[in-house]
Amino acid sequence: MQYGVAYYPEHKSDGELDHDMELLTASGINTVRMGEFAWCRMEPEEGKYDFEWLEESVERLGKAGIRSIICTPTACPPAWLVHRHPEMLYVDNRGKKRPFGGRRFYCYNNPVYREYSAKITEEIAKRFGKSPYVSGFQIDNEPAQEASGRCHCPVCRKKFSRWMENKFKTIREYNRRSGNIFWGQDYEDFDQIKPPVNTIEVSAWQDMPVYFENPTLRLEFERFSSRSQIEYQNIQADILHRYTDYPVTTNGTGLATNSIDYYESTKNLDCYGFDYYPGLRDAAVDSFPYAFARGVKAGKPFWVMEFMSGGGHRFGGSGRVQPNPGALKQAVIQSFAHGADMMLHFQFRTFPFGAEQLNYAIVDMDGVPRRRYYEMQDTAKLLTQLAPVERAEFSNQAAVCVDYDSHWALRIKPVNDPDFQYLDYAGRMYRILAERGYNSDVISYDADFSKYKLLVLPAAFITSGAFQMKLRRYVENGGILLATFLTSVKNKDNVGYTETLPAGLTDVFGVSVEEVEPIFAGNQNQVHLTLKDTETDSGDGMWCDLLGGTAEALGTYTSDYKKGAMIVSKNSFGKGKACYLGTDLGERAMGELLAGLCREAGMAPSPVRAEKNVEVVHRVLDGHDYYYIFNFTAGDTVVKTEVPVYDYLKGCVYENDIPMERNGFVLVKRWRQR
Amino acid sequence: MQYGVAYYPEHKSDGELDHDMELLTASGINTVRMGEFAWCRMEPEEGKYDFEWLEESVERLGKAGIRSIICTPTACPPAWLVHRHPEMLYVDNRGKKRPFGGRRFYCYNNPVYREYSAKITEEIAKRFGKSPYVSGFQIDNEPAQEASGRCHCPVCRKKFSRWMENKFKTIREYNRRSGNIFWGQDYEDFDQIKPPVNTIEVSAWQDMPVYFENPTLRLEFERFSSRSQIEYQNIQADILHRYTDYPVTTNGTGLATNSIDYYESTKNLDCYGFDYYPGLRDAAVDSFPYAFARGVKAGKPFWVMEFMSGGGHRFGGSGRVQPNPGALKQAVIQSFAHGADMMLHFQFRTFPFGAEQLNYAIVDMDGVPRRRYYEMQDTAKLLTQLAPVERAEFSNQAAVCVDYDSHWALRIKPVNDPDFQYLDYAGRMYRILAERGYNSDVISYDADFSKYKLLVLPAAFITSGAFQMKLRRYVENGGILLATFLTSVKNKDNVGYTETLPAGLTDVFGVSVEEVEPIFAGNQNQVHLTLKDTETDSGDGMWCDLLGGTAEALGTYTSDYKKGAMIVSKNSFGKGKACYLGTDLGERAMGELLAGLCREAGMAPSPVRAEKNVEVVHRVLDGHDYYYIFNFTAGDTVVKTEVPVYDYLKGCVYENDIPMERNGFVLVKRWRQR
Amino acid sequence: MQYGVAYYPEHKSDGELDHDMELLTASGINTVRMGEFAWCRMEPEEGKYDFEWLEESVERLGKAGIRSIICTPTACPPAWLVHRHPEMLYVDNRGKKRPFGGRRFYCYNNPVYREYSAKITEEIAKRFGKSPYVSGFQIDNEPAQEASGRCHCPVCRKKFSRWMENKFKTIREYNRRSGNIFWGQDYEDFDQIKPPVNTIEVSAWQDMPVYFENPTLRLEFERFSSRSQIEYQNIQADILHRYTDYPVTTNGTGLATNSIDYYESTKNLDCYGFDYYPGLRDAAVDSFPYAFARGVKAGKPFWVMEFMSGGGHRFGGSGRVQPNPGALKQAVIQSFAHGADMMLHFQFRTFPFGAEQLNYAIVDMDGVPRRRYYEMQDTAKLLTQLAPVERAEFSNQAAVCVDYDSHWALRIKPVNDPDFQYLDYAGRMYRILAERGYNSDVISYDADFSKYKLLVLPAAFITSGAFQMKLRRYVENGGILLATFLTSVKNKDNVGYTETLPAGLTDVFGVSVEEVEPIFAGNQNQVHLTLKDTETDSGDGMWCDLLGGTAEALGTYTSDYKKGAMIVSKNSFGKGKACYLGTDLGERAMGELLAGLCREAGMAPSPVRAEKNVEVVHRVLDGHDYYYIFNFTAGDTVVKTEVPVYDYLKGCVYENDIPMERNGFVLVKRWRQR
C-alpha cells in the first residue's frame, strides 16, 4: 500500500525543510502528497512559473524512496487572478460573492477561471508527468466542500437555462413534466428559469426552506451543478492524462458533502480518492465509507487522500481528542483490509500559521517526533509485512444499493428530518449485516446485480422504469431482494408516481402500500416478526408503509389501531424472493431479519465471530480465506472462532478463542489440515 | 353545513379528471373549492383569458349537486407578469426581494399589481358571479402567510410616511407622542421615517431584535401593514360584490400569523374564513380558534376553508402522523358544534408534483379510495342527519376579550418570552372555563359586553380612555370583570401611562400595582387563594403585579419576601365586581377562581360534565338544550350527566352515564318529562 | 463615594421635572448623570445649539448639593446629520449599513462624523467645563456595544490597508510573517487586503466561521478596530481636557463586549468607567469585574457609570426579576469595598416611551417612590457613615494576569468552545482564591509584578519575548508563578512558536508540553494531586497539556492511557518557583492547589473566614485591618472569625461568630487590645 502524509515544503525555511526531510525519510513511509494550495508560489505573477522548490522536494524524497502525489492548486486561486477577474468568484444562494481569504471561492463554470486552471494544470503535467519520483496526481482539493457546490453566479444561471432547454426541449414540456401549474408557475421560456434560491448544502444559510421550491427544478439543479463540477474536473483530468501515465484522481469528501455524484465523477479518473476523518478515541471506525469507495469504480482499489493524524487544536472551533495508543495503526490496517491502495495522513507537521494553524498532525509544531510519529513508523513496517496479502480479493454475496437521485430527492423533501438520513440508513444496513457475520458490498443502481445472492435496497425513493425492470429480473432469476419503505415513490423527474406504490413493482413484492406516515416517538407501535426459527418483537421507526397484498406477512403490527396490519412482507417471484420492509426495526429485529434472509439465500456467516465493535473482514487469496479482525471495544477482548485459524503475523494457531488487545487487530488465515 | 374539499382540476389529465369526479360525486360532499393558484391557466398571456377548464368542472360538479367556491388566484402572479413588472415583488425586512418560484411574493401596496389583481378578479366575477353551481368566493390565499405581511419596498416606504403624516399631522407632534427624544431620534420631516428594519413575523430572519425599535413607530407599522393588506383585499371584495350575491371571504390563517387585524379585515367580507390544521392523533382539537372565529363578526357563522385531511408526507420538512380512525369525523362534527358553516378538507387528492408533492390528502396519489375517503363519506352522511339542529343558538354568559393592539404590543415588547403568548393565554382562560362546564365566547374590545355576566380580560396591555370607561360602565352596571396582570399599562400610541397602574382603573379594581416582575422557574413563589367555599394553593407564573389598595384579597403570597402581599383581588364597584389577577395560577387554582366567579355571577355549569379532554358544547334550539360531547381521551370513557339526556342520533336516554368510544362524539338533548 | 443615578430631563414636561427634582433632592444622593443621548436637543439644527434645558437641571441639582456628570451625545447622531451624511453609517460584517433608528450606527473612523463629534463636544466642554455643579464628563455611551466595534465601511477598509502597511512595511514581510502561503494567499500589495468578513462580536451574524480567516490578519483587525475607537474617543477626551479639570472618562461595557483594549483606551482618560448589570435576586455579585476595573489603571479608583436599579420590564425580550430587599444596598457597598469611586444606578425613573420603555428603574413610571427608592436613600446615608474609611488601601499579595491579545486570539481560535472562555477562566481563579481567604488583584501583562508573592497566569496564549523575560525575572527573583495550559503557544503575530512549548519558558517551568487535547465529557480522566499536606483527586477539564521534563510532579493522571503522566508541575528556578497546571481542576482541587501555593509564598488567609457565597474584602487604613463581609447565601448565616473583630457600624465586638442577615453586610475592624 502507498502510505504516507501530506506535506507543504512551500511553508518552510531551508532549515525546517532539512529537519522535516530527515524525519520523513526515517519514518518508513513511501508516499507524500504536495502542492495543493501553492498556486501563488507556482505562478507568483501571471505567466511566470516557479516549480523549482517543488521539484527539489520531489527529488529529495524520491531519492530516499518516497514518491510524490502532485496536486493541482486550483482550490486557491492567487490574489493577482482574483484581483484581475473578480467575476470568477463563487456566488452563494443568497447572491453573495465569496471573498478572497478562505478557499474554494471560485465558480467552476466560469470560462475565465477554467482557462487559467487549464494553464496551471498543463504546466504541472509537463513538469511532473514523467518524473520517476512521482506516483500520481490529485486535481484541486475537496470539490464542493465548504458549501461551494452550488454556485448561483450569472454564468451558472445562463448555463442552467440552457441545461433545462437541452433536457426538456420545449418550455411546454418542461411545464408539463415538472407540474409547474402547481402554484401557477408555468414559465414562458427557459431564460426565465433561475437556479433555485437555496442549496441543500448544510453549511449554507437558507433563505427559504428548500421544500418551497419546485422539486423537479431543484433536482435538475443538483444534477446540473454536479455535472458542471465534473466538467471542470475533467478539463484538468484530460490535460493530465495527456502528459502522464500515473493515476489521476481528486480527493472527494466522501459521504460528507454529497453534492457531486461520485459514480459520475470518477468515470474519467483512474481511481476514487477521498478524505476521511473518523474519531479514533474509544470509537469504532465506520467502514461503510470504504465499502462505498470500493463500489464507486466497481471494485477498483481506492485512495484515502487525507486521514486522521491525531488530536489537539483543530481547524474549526474546539479542539479534537487524541487517538488511543494503537488506534492510528489499527485504522490504517482496517482501510488496507477494506481495499485501500493509498492512505495519507493529514498531515505531517502542524502549521504554525494560517487558518489551520496549530491543527493536529503526525509531528507537532516543534518538530519533535512523539508517539504518533513512532506509531506511523510501526504502521509502515507492518504494511510491508502485509504486502503479500495485498492482492487478496473480496467475495461478498450481499450488497447494499445506493443512488444519488434518491439521496438528493430525500434531502429536498425529507420525511423524518433529521433522524432519517438516506446514506446513514444504508450504512446501518451494512453495519448490521457485518455484525451478523456478513460482509457486504455497497453498489450503485448501475452495478451488476447478478453476482449477489442478497440485495438490500434502502429507500429507493426514485426509480426509473428501467431500474424497476432490473429489480424484477434480479428476483425472477433467483435473487433475494429486501426493499424498504419509500421504494419507487417518484420517477426520474422527481414527480410522484400515480400508480399504487411501490410503483411498477407491486406484483414483484406482492404488496401495495395502503397508508404511510412518519414514525416519531409519539406514534410508535409494536411489530412482531415471525421468521423461520425466530420470533422477535420490535418498535417501529422512521417511517411506516402499511402493506396490503398477497405476500406472506413476516411482520405485523401488534398494537393500537394498526394491530394486525402487515408491515414486513415476503413474496416468491420467479425463482427468487422479494421482501418489503415497511418500517425501520430495532437492532435485534433488523439483525434477525437480515441474517434470516442471508441464510435463506444460502450464505454462511463468517466462522470468526463478528459482533458489535468487533469487525471481521473476509478476503480470499489463492483459494484461502483470510480474516482481518479489529477490536474496537474499549478494552481487551476475546473473539470466538468456529474453525481453527492461523495468526498470519504471530504464526500461532487459535482453536476457539482469539485474544485481542484494546485497539488491536489480528489477521488470521483459515487453517486447513493437509 | 357546506362540507367538502379543495380540488385542482387544472392539474389533471382528462382521464384523471374523470376518475376524480366519480369519486367526488360518490362521496356525499356538497362543496368543492377551486382555482386559487391557477392564474397562469386563467390568463396564460396578458389579456387572454381561458376559464373553460374551470367552468367545465364547476358544471360537472354542480350537476351532481356539488357547488363550488371559486378563488381569485392572486397569491401566485404568473411568470409573464413578474417578468414585465419586477417592481411588484415583495421586499422583506432585510431589503431582499422575494423571487418568483414560491408564493406570496408580491407587494400588496404596489399599484401595478393592484391593477392586475383587479382585472383578473373582475373576469372571475363576471363569469362565475351568477352561476347556479357556485356558492361563494375566496379572495387570494392565506394573506400574510409565509412572512409576507410586512413589505418594505419603496412603495410601502413612501406610503408609510404619508400614513404617519396623516395620523400625527406635524412631525413635532409625532416626535412628542412617540418619545423620539429617547436615543435622540427626533425626525425633521415624515419623509425621513422608514418602516422599521424588522418585522415580528416569526419566520422572517431578524437583523436586529425588534425591541431596539421605537415601539410607537413599530405599532404604527403593524397597523399600516394590516390596513394595507385589507385595502388590497377589499379591492377584490368590492369587485366581487358588484357581480355576485354569493358570500365573499378569504382564508385567513387564524391565530397562526396574526399580522392582519381580522376584526377589521372582515368588515367588508360576508363571513370570516380561516384555515386550520390541528393534530388528530391522540390529541384534543383546540376549539378556541372556533370561538374566536365566531366572535370575529359578532356571532356570525364562520367558514373553515382548509382543514386537515390526513397524514403521511408533508409540505415542509418531516411528514405528519395520520389521524386516529374516527378523528377526522369527530373533528368535523366539533367544528359544526362550534358554529362552522363550512368545512373543507385540504385537499382531495395528493399532488404528485410541485412544492407540496406527496402531501397528505383525502385520497392518495394513486386515486384509490381508502379509510380517509370512507370516513369523509360517513361524515357527510352524518351532517345530513344533523341538519335539523344546525340553526341552534349559543347562549354563553361568559366572554374572553382579545385585541390586536395588545397582542401586537406584547409581541413587540415581550414580558416572558416564549412562555407568555397573549393569544395562547386567552385560549387558556377559555379552555379552563370549558373544562369547568362553562362555554364562553371570545370577543373583541368593540363587542357588546352587556350580554355577559362574566368578562375575562387577559393582559389588556393597551387601553384607550374610552375602553377604560367601557369597562368601568360594565362593572358599575353589575358585571363581573376579571382582569389579569399587565392591564392598562400603555395608551394607544404604545406609550406607557404615567399614572399608577392599572391606569384609569385603580378605583374600579380598588388596587394599585406596586411592583412587577416576570416569574421564571427560579423566582416562583407560593400563593394562597381563599374563595367562598375553597382554599387552594398554587405557584405563581408568567408575571407578577404585586397589588396594594383597598380591594378584598382573594389571593396572597405565602412565601419568601412577598409573603403576605396581595396578588388576587376583588372589589365591589357599582353593582358589579372587579377582580384583578396579578399572576398566572396553576390549572386547579385557575379553575377554582374562574368557576367561583361564574357561580358568583349566577351562572350554572353544564349538567353534562365536561373535563380535561372531554369537551361539551352547549347549544339551544327552540328552547331546548343540546349538548355535543366529544371524547378526546386516548380511550373509551364514560361521561357523567346530572340530568337525564336523550341521544339525538341513537334515540336512547342516559340517566347518569354516557358511554363514549375513543374519538367518539354524542349529541344529547336535555330530557324533559312532559 | 459619588452615588446617584442617570436622569433624562430632556424627556420631561415641566411638571414631571419638578416632581422628579423633588424626589432626587430628597433621596440623599450626590451625583446625577445627564445628556448622553440628547444631541437632537442640544443641536436641533446644524450649528444651532440649545443647552438651556440642561444647564437649568444642572443648576437646580447643583444648588441642592447634587453634582452632574455630563455626557457627550455621540452614540446617537441626530436625524439631520444622518440624512445629510449617510456615508457615516456603520457597515457590519455582512456589508449592511446600520440604519437610523437604534443607536451606535456610526463609523468611528469616518472623518465627517469625527468632525461633527468634535464640534458638539467642544460646545459641551465650553459650557460645562468650569461649572461648579459638575463633577465629570462621560464620552459617548458604551463604545463597541451592540456589535458596533468592527466597522467594515470603505473608510475603514482603506485605513486598515494603511495600518497593515505601516506595521509590516513591505507586503513581502507581511506575507512571510502571517504565513499567507497557507491556502496560497500571498498578496501583491496592501490595497488588496480587506477587513476579514466576520467579526467575533457575539451578536453579529457570521457569514463564514471566523477560523476560516488568516489569524494574523484577524488579530490585526482586532487591534486596528480597537485602536480606531480609542482614537475616536480621544478626539473628544482631548477637547474636554482642554476646557475642564474635572475627570473625563467613558462607560465601557467591561468584560461583556471586549472589542476594545481597556488598558489602552484608558491611558488618556482620568479613570476607568464601566457599566455593570449583575443579577441581585438570590445571587452572589461577581466582584471580578471590580478587581479588573481596579487594575485597568494600576489601582486607581474606578467608576461604575450604570448599575442595576431593579426588575420588571426590560430592554430586550423578557423581563428581569427584582432584587431581594437589601440586595441593592449590599451591592453598592460591595462596589465601595472593592474601590469604586462612583456608582450610578441606571436609571432614576422608568421611561414610558422609546426602545427602553417600561424598563426597570429606581422609581416606577408613575413617579411614586417605593421600596427601591427608599433603599437607595438608606444606601446614600450609609455611604456617608462609611466616608471615613473610603481611603483605605488594598494590600493584596496575589494577582491574576490578563491580556487582550491572548483573549482575542482565543476567541479567534477557540479550544473548547463554549465552555472555555478566557476571561471567565481568569475570573474562576480569582474567585477560588477569594473563597480560600485570599483577595487578589487583576492586572495586565504590563503591570508591576514585583509587589506580588503569587502570580496566576491563565492561558497566556500569546507571549512576546519580552514578556517571557519578565516572567523569567519574576521567578528568578523569588516569585511564585502558576501558569496554566496554553501558555506561550503563539507570538505577537498570532503565529505559533516552533520551539517546544511553553515556548521560551521550558527551563523556567522545567517542563515540555508533550501532547495536547481538549477535555470534553467523553475523554475525561482522573488526576491525583499531591501537595505538602494534602492529597486530592479530581477530574481534568477544558484542555490537557501533558507534561514531560524535570520538574516535580504535583499532579499526575491515574486513569486510562494517560496514567502516570505529569499534568501539574513545580520547578525551583532562581529564588522562586514556577508551576504549570496542564489542565483545569475541580473546585476542591483547584482550591487546594491555590491555597497551597499561597501558603508556600508565605501569605496568610483572611482571619475572617470567606467561603462560597460569603465574600470578605480586606482593606488597610492607617495600619488597621478592615474586613467587609457580604452574605450572598440565600438566608441568614454566621461567619467565623479567628480573631476578635469590631463592628464598625454597630460598635460591638465579635469573638468567634459574626451573625449576618440574608443580603446583609458587615464592616469589621481587627480588634487589638492596647
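Residues numbered from 1 in each chain as written. Chains lettered and ligands numbered in written order. Predicted model: local features only at pLDDT ≥ 70, side-chain atom pairs only at ≥ 80, totals over all residues. Heavy atoms only, no water.

An unreviewed UniProt entry lists chain A under the name Beta-galactosidase, from Blautia pseudococcoides. We quote the UniProt Catalytic activity (unreviewed entry) comment for chain A here in full: "Hydrolysis of terminal non-reducing beta-D-galactose residues in beta-D-galactosides." The heading Sequence similarities (unreviewed entry) in the UniProt record of chain A holds the text "Belongs to the glycosyl hydrolase 42 family." (UniProt positions renumbered as here; feature names shortened; annotations may be inferred.)

Asker: I tried to follow the overall build of chain A on my own but got confused; where do I start?
Answerer: Summing up its helical and strand segments, chain A has 17 helices and 27 strands in all. For 674 residues, the compact-globule formula gives about 26 Å, and the C-alpha radius of gyration of chain A, at 26 Å, lands near that figure. Seen along its three principal axes, the alpha-carbon backbone of chain A occupies a region of about 75 × 75 × 40 Å. Counting across all 674 residues of chain A, residues that qualify as buried make up 67%. Restricting the contact set of chain A to residue pairs at least 6 apart, pairs at least 24 apart contribute 72%. Per element, the accessible surface of chain A, about 22,300 Å² overall, is 49% carbon and sulfur. Charge separation in chain A, taken as the distance between the mean sites of 78 positive and 89 negative side-chain charges, equals 2 Å. (Helix = DSSP H or I, 4+ residues; strand = E, 2+ residues; numbered from the N terminus. Rg over C-alpha atoms; globule rule 2.2 N^0.38 Å. Buried < 20%, exposed > 50% of the residue type's maximum accessible area, 1.4 Å probe, protein only. Contact = heavy atoms within 4.5 Å. Areas by Shrake-Rupley, 256 points an atom, 1.4 Å probe, with all protein chains shown as cover. Lys, Arg positive; Asp, Glu negative; His and termini not counted. Charge placed at Lys NZ, Arg CZ, Asp CG, Glu CD.)

Asker: Can you help me understand the sheet that holds strand E5 (residues 248-250) of chain C in this one?
Answerer: Strands in a sheet are paired, the pairing made by backbone hydrogen bonds, and the direction either parallel or antiparallel. All names here are of chain C. What the eight strands build is an open sheet, ordered E5-E4-E3-E2-E1-E8-E7-E6; its pairing is parallel. Only two strands of the sheet have a single neighbouring strand rather than two, namely E5 and strand E6 (273-276). Strand after strand, the sheet turns through a mean of 25 degrees between neighbouring axes, direction not considered. In this sheet, strand E3 (residues 67-71) lies alongside strand E2 (residues 31-34) in parallel orientation, the contact comprising four bridges. Within the sheet, the bridge partner assigned to Arg33 lies in E3 and is Ile69. (Pairing = 2+ DSSP bridges. Axes fitted to C-alpha atoms, helices over the stretch in contact; angles between N-to-C directions.)

Asker: Please explain the relation of the copies chain A and chain B as it appears in this structure.
Answerer: A rotation about an axis combined with a shift along that same axis relates the two copies of the chain. With an RMSD of 0.0 Å, chain A superimposes on chain B once it is rotated by 120 degrees and translated 0.0 Å along the axis. Given the turn and translation reported, the copies of this chain are related as if by a three-fold rotation axis. The share of interface residues of chain A whose copies in chain B are also at the interface is only 4%, consistent with the copies meeting through different surfaces. (Least-squares fit on C-alpha atoms with pLDDT ≥ 70 in both.)

Asker: For this particular structure, what's the right way to read the packing of aromatic side chains?
Answerer: Residue and element names in this part refer to chain C. Evaluation of the coordinates by the stated rule reveals 156 aromatic pairs over all chains. Aromatic pair Tyr174 and Phe190: ring centres 6.4 Å apart, planes at 35 degrees, arrangement tilted. In this pair, Tyr174 sits in helix H7 (residues 171-178) while Phe190 sits in the loop between H7 and helix H8 (215-243), placing the two residues 16 residues apart along the sequence. Tyr174 gets classed as buried once you look at its relative accessible area, which sits at 0%. (Phe/Tyr/Trp six-rings, centres within 6.5 Å; stacked < 30°, edge-to-face > 60°.)

Asker: Teacher, can you tell me more about the side chain of Arg294 of chain A here?
Answerer: All names here are of chain A. With respect to the helices and strands, the residue Arg294 is situated in helix H10 (residues 288-296). By relative accessible area, which is 6% here, Arg294 ends up buried. A distance of 3.0 Å separates a polar atom in the side chain of Arg294 from a polar atom in the side chain of Asp441. Setting aside residues no more than four positions away along its own chain, Arg294 makes contact with Gly299, Lys300, Phe302, His338, Phe394, Asn396, Ser440 and Asp441. (Polar contact = N/O pair within 3.5 Å; in protein donor to acceptor, adjacent residues only side chain to side chain.)

Asker: Sorry if this is basic, but what is going on with the packing of helix H14 (residues 422-435) of chain A against helix H17 (residues 587-600) of chain A here?
Answerer: The angle between the axes and the distance between the axes are what describe a pair of packed helices. Residues and elements named next belong to chain A. At a closest axis distance of 9 Å, the pairing of H14 and H17 adopts a crossing angle of 70 degrees. Between H14 and H17, the interaxial angle falls into the category roughly perpendicular. The two elements H14 and H17 meet at a crossing, and its hand is right-handed. Where H14 abuts H17, its residues Tyr425, Arg428, Met429, Arg431, Ile432, Leu433 and Glu435 lie against Glu587, Met590, Gly591, Leu594 and Cys598. Of the residues that constitute the contact of H14 with H17, the class distribution is seven nonpolar, one polar and four charged. (Parallel < 35°, antiparallel > 145°, perpendicular 65-115°, else oblique. Left-handed = near helix turned anticlockwise from the far one by under 90°. Nonpolar A, V, L, I, M, F, W, Y, C, P; charged D, E, K, R; others polar.)

Asker: Help me out: how do you make sense of the nonpolar core in this one?
Answerer: If you look at soluble globular proteins, the nonpolar side chains tend to sit buried side by side. Residue and element names in this part refer to chain B. Among the nonpolar cores identified, the biggest contains 202 residues, and Phe348 and Leu593 are the most heavily contacted of them. Top element by residues in this core is helix H14 (residues 422-435). It accounts for eight residues. Leave out the neighbours within four places in its chain, and Leu593 touches Leu482, Leu529, Leu531, Leu554, Val568, Leu581 and Leu585. (Core = buried A, V, L, I, M, F, W, Y, C linked by side-chain atoms within 4.5 Å.)

Asker: For this particular structure, what's the right way to read helix H6 (residues 154-168) of chain C?
Answerer: An α-helical turn contains 3.6 residues, so a residue and the one three or four places further along point in the same direction. Residue and element names in this part refer to chain C. Its 15 residues place the ends of H6 21 Å apart at the C-alpha level, agreeing with the 21 Å of an ideal helix rising 1.5 Å per residue. Buried residues of H6: Cys156, Phe160, Ser161, Met164 and Phe168, and no others. Each buried residue of H6 sits inside an arc of 140 degrees when the element is viewed along its axis, so together they form one side. Relative to its buried face, H6 has exposed residues pointing more than 90 degrees away, namely Pro154, Lys158 and Asn166. (Expected span 1.5 Å × (residues − 1). Arc of directions from axis to C-beta.)

Asker: Got a minute to help me understand the pairing of strand E21 (residues 624-631) of chain B in this structure?
Answerer: It is a general feature of regular strands that their side chains alternate between the two faces of the sheet. Residues and elements named next belong to chain B. A large share of E21 lies buried, amounting to seven of its eight residues. Linking strand E20 (residues 614-621) to E21, which pair antiparallel, is a turn of two residues; within it Asp622 sits at a positive phi near 50 degrees. Pairing between E21 and strand E26 (residues 665-670): five bridges, direction antiparallel. Bridge pairing links Tyr626 to Lys669 in E26.

Asker: What should I look at first to understand unusual backbone geometry in this one?
Answerer: Most peptide bonds are trans, and most residues other than glycine sit at a negative phi. For the peptide bond that leads from Asp417 of chain A to Pro418 of chain A, omega is 0 degrees, which places it in the cis range. Locating Pro418 of chain A in the fold gives a position in the loop between helix H13 (404-412) and H14. Positive phi is not limited to glycine here, since Arg104 of chain C has a value of about 55 degrees. Checked against the element boundaries, Arg104 of chain C lands in the loop between helix H4 (79-84) and helix H5 (111-128). Classification of Arg104 of chain C by relative accessible area gives buried; the value is 4%. Here the phi dihedral of Ala459 of chain C falls at roughly 40 degrees; this positive angle occurs in a residue that is not glycine. Examined against the element boundaries, Ala459 of chain C turns out to sit in the loop between strand E11 (454-457) and helix H15 (465-476). On the accessibility criterion, Ala459 of chain C (0% relative accessible area) is buried.

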